[in-house]
Amino acid sequence: MRYIPDSCEDEILKEINFTKEKLFSDIPEDLRSDLDLWDEKSEMEVKRELKNILDKNRVILNFLGAGVYNHYIPSAVKEIVRRSEFYSCYTPYQPEVSQGMLQALFEYQSLMAELLDMDVVNSSMYDWATSLAEAALMCYRVKKKPKFIISKNIHPERREVLKTYTEGILEIVEMEYNEKGIDLEDLKKNIDNSCGVYIENPTFLGYFEHNLEEIGEIVHKNDALLVAGVDPISLGIIKPPGEYADIAIGESVGYPVSFGGPLLGIFGVRNDMSLIRKMPGRLIGVTEDLEGNSGFVMTLQTREQHIRREKATSNICSNEALCAVASAVYLSFLGKKGLKELAELCMKNSNYTMKRINEIKGFKAPLFNSPHFKEFTVYHKNIREIDRKLLKKDIQGGVVLERIGFDLKDTALYCVTEVHSKEDINRLISILEVI
Amino acid sequence: MYKLGKALCKIGGVDNITLQPAAGAHGEYTGIKIIKKYLKTEGFDKNEIIVPDSAHGTNPASSAMAGFRVVEIPSNEKGCVDLDALNEAVNEKTAGLMLTNPNTLGIFEENIKEISEIIHDAKGLLYYDGANLNALMGFVKPGNMGFDLVHFNLHKTFSTPHGGGGPGSGPVGVKEFLKEYLPHPIVEYDGKKYYLKHDLKNSIGKIKGFYGNFGVIVKAYAYVLTMGNSLKKVSEIAVLNANYIAQKLKDIYEFPYSELRKHEIVLSCEKIKKDTGVTALDISKRILDYGMHAPTIYFPLIVKEALMIEPTETESKEELDKFIDIMRKIHRECYENPEIVKSAPHNTEIKRLNTVKATKEPVLSYKMLRR
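Please read these numbers as outputs of a predicted model, since none were measured by experiment.

Check the secondary structure of chain B and you find 13 helices and twelve strands. Over its C-alpha atoms, taken along the principal directions, chain B stretches across nearly 65 × 50 × 45 Å. Across the 371 residues that make up chain B, the buried fraction comes to 67%. A separation of at least 24 residues holds for 66% of the contacts in chain B among residues at least 6 apart in sequence. Element-wise, carbon and sulfur atoms account for 48% of the exposed surface of chain B, whose accessible area totals about 12,600 Å². In chain B, 49 positive and 46 negative side-chain charges are present, and the distance between their average locations comes to 7 Å.

Here's what the structure looks like:
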């Protein structure tokens, strides 16, 4: 019997004077039914079956981004994360025997807080999209106003998850955008009665938001909260959200793409108790033991569902803790200098690729005349055809935007990071040149 | 994804499934959104979800998040849903009932058929909180008990590593009439190829980016592939182990409500507290001293000074006996040397941590610590 130790079933039954039937005698006969699955399989059979599925994959050069990013993960990160103390341990409800896990999560919270220039980052949300949805609900809890403003320049899935979560609670109003980011005139016109405004930097289409200070002013003058979605790697070179926003969210780094999950949603706020007490998610804090030694515990749990029930700030309990550990290890390896170098390298590779594509006849890259980070738009009147042809040559081009519901015709969003070598980029270019 | 989904449907007695939710609570929220959209589409104006007072805190929290008013009903003297209280709570505003069966006391809701009838007669839907599915696999399917929606915790019932609190995965299975309400896309198979189906007529929309916690889904699939029909054995042994502990401890610890439990048992330390001043918290800390992880405490809320013990199928008789010995030893200590229990733990790297200070003076990052 796999995964079940020799249970001495008969011995136990005899010792407590029970029968097997008695154990389940409370389930009405007419409700019962068998499983109808299959007989147990050996590890070898299971591996074979999964390998048969895996073998259908083709490992090819790809330029996909749009929400999950291809970054190199040092082997040491995997080694540490796979230690059983992290990998298979339970939620740290007993802090006296969970200091390692608690400290690892506290390190994540702290590293992310430094990076965002925020003070408090929770120990994770499910992903970027749910972070956005919960941020909007939090803005509503704090400001009690019926509108939440976003830019049209965000991932369609993020927008959709936001709408699912806020349906019947908030009106989501979408702003136009231009090459400098969110349209300021549109924002001014619509800001009235809003509890929050969401912008991204870099924007979904890869270029930087230009008017951070003006946006902050408009939002705060109207008694709303500014939520900023960021790529943590970009913070190696650009201004952190702590300098202009109230809530920072995003997708973290240090774990594999894994077909879009598990990922980790960042959620951080300033050191303002009126915000902290309204935020969702688990928080790890420092305290003392009976002898005055400092130690880590889960804290501010009166915000959470197991205490506050229907009045909780959110229903979230299980989160993405292991991804938070991976992020902490990853960021520790990189350090301040490494992160800056990584950001510069992504930007250099991506801007080089962009420039080369733009030189090819029939292509325009980017569509928006603005500094770009690691993603950029590529226009071609037959972009879907280009995508198909690239695939035949074992290259997965950028995400065709219309395919994921983003309203920009004949355009793909390319992502280039440190994992792309000069040879990779040149291979893409040489194929695009003759397509 | 398709194959795991099909297996889960069979286990849960449902017809269709979404693998998108990232955790149990996320699954609950998805289910409640589906109930809301379905009732609205059908032309009902309903805004109340009923939950028993023994329910997980996520049940009321998920319902409230989806905009429902939460109506809590008391349990009866057996620790189960009180049919009179349920009848009283049900009205034309009732959208549904969230229930875990066996409930959080580990007791099978014997009136489940009547409960289902009451809710369905009121044109409400019945939601199954899958946290306790471990107890029933191969014996009874939630769908057969009348549940319209069922969530599964892949990180509990299907054995994926806990990772210190996540990632988890909380698929939601539904009966055929709710298929079009699932978050899109769902995975379908046309006999030749698998594909993502986006056009669901009444979909609640997406509740997470991409397709769910795929990495967790693969691990759960490997587990289900391995176990197959032996999942029934998992439930059998989990229930046996829980009852073994209860029988071995019932002479010294109080077990409120029924004696026969499913996969978990709840004991009360109220008498011990009255006699000696030792609390459930103290006892849980003392368990750490003996090298075991303490069970959940102070839950369910309807049992005073509760310790909720869920041994699962993976512990051997030796381990169970070790735990029973520890609990008997601690009971003795409570009466002979209560101070040693009250000041526990003593053998851990760090002494008991001050959680009140952590809340009153929050230090949530090194940045805050430096200040």
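What follows is about helix 13 (residues 321-358) of chain A. Relative to the 56 Å expected for 38 residues at 1.5 Å per residue, helix 13 of chain A spans just 42 Å between its end C-alpha atoms, considerably shorter than the ideal helical length. Along helix 13 of chain A, the sharpest kink reaches roughly 90°, centred on A:Gly335.

The next point concerns the packing of helix 7 (residues 128-143) of chain A against helix 8 (residues 156-166) of chain A. Residues and elements named next belong to chain A. Contact geometry of helix 7 with helix 8 gives a least axis separation of 8 Å together with a crossing angle of 40°. The angle between the axes of helix 7 and helix 8 places the two elements in the oblique class. For the pair helix 7 and helix 8, the crossing hand works out as right-handed. Note on element contacts: helix 8 touches helix 7 through Arg158, Val161, Leu162, Tyr165 and Thr166, opposite Trp128, Ala129, Thr130, Leu132, Ala133, Glu134, Ala136 and Leu137.

A separate point is the confidence of the model for chain B. Of all residues in chain B, 100% attain a pLDDT of 70 or more, and the chain-wide mean is 96. Scoring of the predicted complex yields 0.97 for pTM and 0.96 for ipTM.

A word on empty space enclosed by the protein. Inspection of the entire model under this criterion finds five cavities of 30 Å³ or more. In this model, the largest cavity occupies a volume close to 130 Å³. In terms of lining residues, the largest cavity is bounded by 15 residues, among which A:Tyr69, A:Pro202, A:Thr203, A:Asp231 and A:Glu375 are the most central. Going through the elements one at a time, strand 7 (194-201) and strand 8 (225-230) of chain A are the ones with two or more residues in the lining of the largest cavity. Each of domain 1 (61-72 + 336-434) and domain 2 (75-330) of chain A gives at least three residues to the lining of the largest cavity. Computed from the structure, the second largest cavity encloses a volume of approximately 90 Å³. Lining the second largest cavity, in full, are A:Gly67, A:Asp127, A:Trp128, A:Ala129, A:His155, A:Glu157, A:Arg158, A:Glu251, A:Leu263, B:Gly209 and B:Phe210. Those elements that place two or more of their residues in the lining of the second largest cavity are helix 7 and helix 8 of chain A.

Moving on, we come to a positive patch on the surface. Residues A:Lys144, A:Lys278, A:Arg308 and A:Lys311 make up a contiguous surface patch of positive charge. You can see A:Lys144 is positioned in the loop between helix 7 and strand 3 (147-151).

Here we take up the packing of aromatic side chains. Tallied over the entire structure, the rule returns 22 aromatic pairs over all chains. Both rings, one in A:Tyr3 and one in B:Tyr223, keep their centres 5.4 Å apart while their planes meet at 40°; by these two values the pair is tilted. You can see A:Tyr3 sitting in the segment before helix 1 (9-15) and its partner B:Tyr223 sitting in helix 6 (residues 214-227), one on each of two chains. With centroids separated by 5.4 Å and ring planes inclined at 55°, the aromatic side chains of B:Tyr2 and B:Tyr194 adopt a geometry described as tilted. With B:Tyr2 in helix 1 (residues 2-12) and B:Tyr194 in strand 9 (residues 194-197), this residue pair connects regions lying 192 residues apart in the sequence. Within the aromatic cluster, the residues linked to one another by ring pairs are A:Tyr177, A:Phe204, A:Tyr207, A:Phe368 and A:Phe406. Above the face of the A:Tyr140 ring, A:Lys144 is positioned so that its terminal group lies 5.3 Å from the ring centre.

Residue and element names in this part refer to chain B. Between helix 2 (residues 24-41) and helix 3 (residues 58-65), whose axes approach to 9 Å, the crossing angle comes to 45°. Overall, the two elements helix 2 and helix 3 adopt an arrangement that is oblique. Seen from above, helix 2 lies across helix 3 with right-handed handedness. Across the interface between the two elements, Ala25, Glu28, Tyr29 and Ile32 of helix 2 pack against Thr58, Asn59, Ser62, Ser63 and Met65 of helix 3.

Reading the values: the criteria
Residues numbered from 1 in each chain as written. Chains lettered and ligands numbered in written order. Predicted model: local features only at pLDDT ≥ 70, side-chain atom pairs only at ≥ 80, totals over all residues. Heavy atoms only, no water. Helix = DSSP H or I, 4+ residues; strand = E, 2+ residues; numbered from the N terminus. Buried < 20%, exposed > 50% of the residue type's maximum accessible area, 1.4 Å probe, protein only. Contact = heavy atoms within 4.5 Å. Areas by Shrake-Rupley, 256 points an atom, 1.4 Å probe, with all protein chains shown as cover. Lys, Arg positive; Asp, Glu negative; His and termini not counted. Charge placed at Lys NZ, Arg CZ, Asp CG, Glu CD. Expected span 1.5 Å × (residues − 1). Bend = angle between axes of the 7 residues up to and from the residue. Axes fitted to C-alpha atoms, helices over the stretch in contact; angles between N-to-C directions. Parallel < 35°, antiparallel > 145°, perpendicular 65-115°, else oblique. Left-handed = near helix turned anticlockwise from the far one by under 90°. pLDDT = per-residue confidence, 0-100. 1 Å grid on protein atoms, 1.4 Å probe; cavity = no way out; pocket = protein on both sides within 12 Å on 5 of 7 lines; lining within 4 Å. Points joined across faces, edges and corners; volume = space filled by probe spheres on them. Domains from an automatic or database assignment. Patch = residues over 30% accessible without salt bridge, like charges linked within 9 Å, V, L, I, M, F, W, Y side chains within 5 Å. Salt bridge = Lys/Arg side-chain N within 4 Å of Asp/Glu carboxyl O. Phe/Tyr/Trp six-rings, centres within 6.5 Å; stacked < 30°, edge-to-face > 60°. Lys NZ or Arg CZ within 6 Å of the ring centre and 35° of its normal.

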